[in-house]
Amino acid sequence: MAIVDVSHLSYSYGAIAALRGVDLTIPQGALYALLGPNGSGKTTFLQILMGVRRGYTGGARVLGIESSALTVKHRERIGYIAEGQSLPGWMRLEQLEAYLAPLYPRWDKALARDLRARFDLDPARKIQTLSRGEYMKAALLCALAPRPELLLMDEPFTGMDALVKDELVRGLLESSGTEGWTVLLCSHDIGELELLADWVGFLGRGRMQIAEPMETLRQRFKQVDVTLGGEHASPALDPMWLSVERSGRQLTFLASDAGEGFDARLAARFPNAARIESRDATLREVFVALARRARDERSMEAAA
Amino acid sequence: MSWFAQVRHVMIKDVRQSWWPLAGYTIVAALGTLYIVLGPVASDLYVSAMVMSTMLGVVLCALLLQADSPTRSNAFWASRPFHPSAIIATKLALTAFAVIGIPAVGEIIGLLSLRTPHGALASIVGGSAGVYAIWLLAAILLAALTDDLRSFVTAAVIIAVVLLLIMAMLPDSVTGPLDRNWVSHALATVGGIGALSIVALVYRRRTVRRTVWLGGFVAIACLMLSLVGTGSDSRIVDRFGSMPVHISVDTATLRNLGELRLTVRVDSPLRSLRLRFSIDTLDIRLADGSRIYLHPTSPAASVQDPALPLPNLARWLGDTAALTEGFPRNSIVPVQLGDDDRSRLSAGVQAVEAVGHIDASEPRLVTTIPLTQGATWTGNGTRFRITNVATHTLATDVTLNTLGISPRAGDWSGYNYVAWNETRREAMMFGKLSSGSSSGWVLVPGSTLLTTTAQMQAAARRGQTFDLSVNDAWFSGARLAVFEWVPRGRFATRAVVAVAQH
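Quick notes on the rules
- Residues numbered from 1 in each chain as written.
- Chains lettered and ligands numbered in written order.
- Predicted model: local features only at pLDDT ≥ 70, side-chain atom pairs only at ≥ 80, totals over all residues.
- Pairing = 2+ DSSP bridges.
- Helix = DSSP H or I, 4+ residues; strand = E, 2+ residues; numbered from the N terminus.
- Axes fitted to C-alpha atoms, helices over the stretch in contact; angles between N-to-C directions.
- Contact = placed C-beta atoms within 7 Å.
- Nonpolar A, V, L, I, M, F, W, Y, C, P; charged D, E, K, R; others polar.
- Core = buried A, V, L, I, M, F, W, Y, C linked by C-beta atoms within 7 Å.
- Buried ≥ 20, exposed ≤ 12 C-beta atoms within 10 Å, placed from the backbone.
- Parallel < 35°, antiparallel > 145°, perpendicular 65-115°, else oblique.
- Left-handed = near helix turned anticlockwise from the far one by under 90°.
- Domains from an automatic or database assignment.
- Expected span 1.5 Å × (residues − 1).
- Arc of directions from axis to C-beta.
- pLDDT = per-residue confidence, 0-100.

Caption draft 1: Representation of the sheet that holds strand β11 (residues 382–392) of chain B within the structure. Residue and element names in this part refer to chain B. Ordered by their spatial adjacency, five strands build an open sheet running β10-β11-β12-β16-β15, and the pairing between neighbours is antiparallel. On the outer flanks of this sheet lie β10 (376–379) and β15 (431–442), each paired with one strand and no other. The average angle at which neighbouring strand axes cross in this sheet is 15°, direction not considered. Bridging between strand β12 (residues 395–405) and strand β16 (residues 444–459) involves 11 bridges; their strand directions are antiparallel. When the sheet's bridge partners are listed, Ile405 is paired in β16 with Leu449. Against the sheet, helix α5 (residues 118–145) contacts β12, β15 and β16, and its axis sits at roughly 130° relative to β16.

Caption draft 2: Structural detail: the interface of chain B and chain A. Across the contact, 16 residues belong to chain B and 22 residues belong to chain A. For the side of chain B that touches chain A, the element with the most residues is helix α1 (residues 3–17) of chain B, which contributes three residues. For the side of chain B that touches chain A, the class distribution of residues is five nonpolar, seven polar and four charged.

Caption draft 3: The arrangement of the nonpolar core in detail. Of all hydrophobic cores here, the largest spans 160 residues; its most connected members are Tyr32 of chain A together with Cys61, Leu136 and Leu141 of chain B. Top contributing element to this core by residue count: α5 of chain B, with 17 residues. Setting aside chain neighbours within four positions, we find Tyr32 of chain A in contact with Ile26, Val183, Leu184, Leu185, Ala197, Trp199 and Gly201 of chain A. Membership of the second largest hydrophobic core comes to 30 residues, among which are Leu317, Phe384, Met429 and Trp474 of chain B.

Caption draft 4: Molecular detail of the packing of helix α4 (residues 84–113) of chain B against helix α8 (residues 181–205) of chain B. All names here are of chain B. Running from amino to carboxyl end, α4 crosses α8 at an angle of 140°, the nearest separation of the two axes being 9 Å. Considering the angle they form, α4 stands oblique to α8. Considering the relative orientation of α4 and α8, their crossing is right-handed. Two secondary-structure elements touch here, α4 through Pro84, Ile87 and Ile88 and α8 through Val199, Ala200, Tyr203 and Arg204. By residue class, the composition of the contact of α4 with α8 is six nonpolar, no polar and one charged.

Caption draft 5: Quick peek at the domain arrangement of chain A. Residue and element names in this part refer to chain A. Taken as a whole, chain A is organised into domain 1 (2–213) and domain 2 (217–303). Its C-alpha centre places domain 1 at a distance of 34 Å from the equivalent point of domain 2. Each side of the interface is counted separately: domain 1 has 12 residues, and domain 2 has 10 residues. Elements with a minimum of two residues in the side of domain 1 that touches domain 2: α7 (190–196), β9 (199–204) and β10 (207–213). Across the side of domain 1 that touches domain 2, the residue classes break down as seven nonpolar, two polar and three charged.

Caption draft 6: Fine view of α1 of chain B. Residues and elements named next belong to chain B. The end-to-end C-alpha distance of α1, which contains 15 residues, comes to 21 Å, matching closely the 21 Å that a straight helix rising 1.5 Å per residue would cover. All buried positions along α1 are accounted for by Gln6, Val7, Val10, Lys13 and Asp14. On an axial view of α1, the arc spanned by its buried residues comes to 135°, and they lie on one face. Turned more than 90 degrees off the buried face of α1, the exposed positions are Phe4, Ala5 and Ile12.

Caption draft 7: How the structure looks around the confidence of the model for chain A. Here chain A averages 84 in pLDDT, while 98% of its residues score no lower than 70. Helix α3 (residues 93–100) of chain A holds the highest mean pLDDT among the elements of chain A, 94, whereas helix α6 (residues 162–179) of chain A holds the lowest, 73.

Caption draft 8: Region of the structure containing unusual backbone geometry. One non-glycine residue with positive phi stands out, namely Ser243 of chain A, at about 50°. Considering the arrangement of structural elements, one finds Ser243 of chain A in strand β12 (residues 241–247). Judged by local crowding, Ser243 of chain A falls into the partly exposed class, with 18 C-beta atoms found within 10 Å. Residue Asn312 of chain B is not a glycine yet carries a positive backbone phi of 55°. Note that Asn312 of chain B resides in the loop between β6 (301–304) and β7 (315–317).

This is how it looks when you write it as structure tokens:
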């Protein structure tokens, strides 16, 4: 069953299109990483799913209902954390917890206490006195303590140290497994996402460029290094190759159509190659390649 | 969590969040109350404090609403399971209970200390709370359309300037009807419903488009313009005829003085009434067929003054006796013309139509106070306090402080003061030597608290003749009698006078 089902979703800020016909389906229990360069529309996308931004076209169903029609009952089942989200700075953390707890039938005091201890947060401190990292931890606590069915997280690792990030990733993995939480997570911390996510989506220039399970992605994207033979001076480039770089006889690229029989196809493509090596691409390599392509397309559009 | 529980929950949060400005607001209201209870003292300070209090109330409203802003995309409440309608209800309830309620309680205490009759008290508090609610509703709407306090203040200033410019550009025929009560009630209703609808819409949609801003501006304009026409309680009780009014027009002074003179005389069958004539419009018809319309702002002219009804009075002393005897008389009302209008008069005047009204009021003895320093009387929403008495030969100077609800309280034209020796059955009018007054809101805008300090003198002199029977003993046995003028109605008058060509 799809917890999030988005089809042909578009949203504009005046004349600027932030999302253009986005399609995305998130199955229940998925840990979904949404990647994209700055300004690609990730935050807008999450805000629409949370129902805090309206006026979109297309469909954005969350928990089986259109996000613009989410009721209080639905919101009780969603946890939301955003980098720019404001918490009431005048409250102490314990006051914030006390303020939120009655709103959520499933608010877990023990979990809140546990998270507070794990994040090393002082309940008596005012929110406005917290550091950036502590602020995000407090926001995370508030998003996780209601034990949400769907967790929407926009840059949740901002300002966190490596240890806390690691603990958070572990916590999310555990909870996702045991509680059946569905998590949609936007972050620039690709290393953490690679550990965490079992689904990946890439949003570029307001369009969903890829949306597939991590496993498929790993099979599809291969980083290839080719040492060309002396007589093979200029091979024809394949449109499915990304981040193509050539230095002398050395050719490297990211193949986006790898799969069954990829090595054989490579060998046939470069029959005189002195050496051909291919390996699974890292998520970072995929991200950089797709982001670069999106940027190039934008430059070309602007030039046209 | 139920809807009502959410309202309570958010309200407690808001009070905790805004306790500091709320406390400051309460202190200002308490000081204002104390001023009315103990006053009159330091009236200028009071006026400033009450203006500040209202501004603070407006800002407090904006703060309360923007604590859970409908338009900020990162607003905390928006991503939590809150009913938007519960948030709106919380803000409106807090505005009613705290922002209006706190000063309203102070106002009630203050008015009770002035022994205001309960009916008048309810009317004053209800009226001022209504006016304040209009201010605050406009503030709530503007706060809903803006993200933070800075943009709220900026938008408020811009809207105020635009409204003033529009009002200045509109002709009198458009702005004139704003004075009428039914127009102001209609504007308040339209503006109020519009403001609440827009706030609800913004909380639901969470975006502010240009059309919403336009609607917001119109609603705020309606609310603000509805305040222009409040406060007029005079009624036309009779039209043309039951009280014959004779108006003649003298145009001889038109050319040399640029002034038109109306002579007014009323043959009133009711000699106990004070009659005051005011011109509403003047239509000068010129020989070339054109017309000059004027809305003169001349002060009302007295056309009949009745005797002040003191019991068992044998005679009036002093030079103010003429005022007290009551007689119909011709009153001359000058109307100044502008340079442009004067130049048009060269065409010659055919006729002048004057439309005006006569306010009728009746004298009533409010109280008598011993003519001694510190003597105080409180009642009927007003406090009189004699702060100084200095008796000279044949005269006494009295400094009197009054504090009460405008327009009658402390207004020189609203009261007459008499030195009255009941034993000798003699009295003399006090004449004003100097006076100063300040007015401010009675804690919340809508009703005006007027504080007046007047120095006045009663002298036993008629022309060059002194009444030697008036001495220290006379004044020591005298009391200060205070008369007020109770409105009895307003009579419309109209006259068309043909003018012979000069």
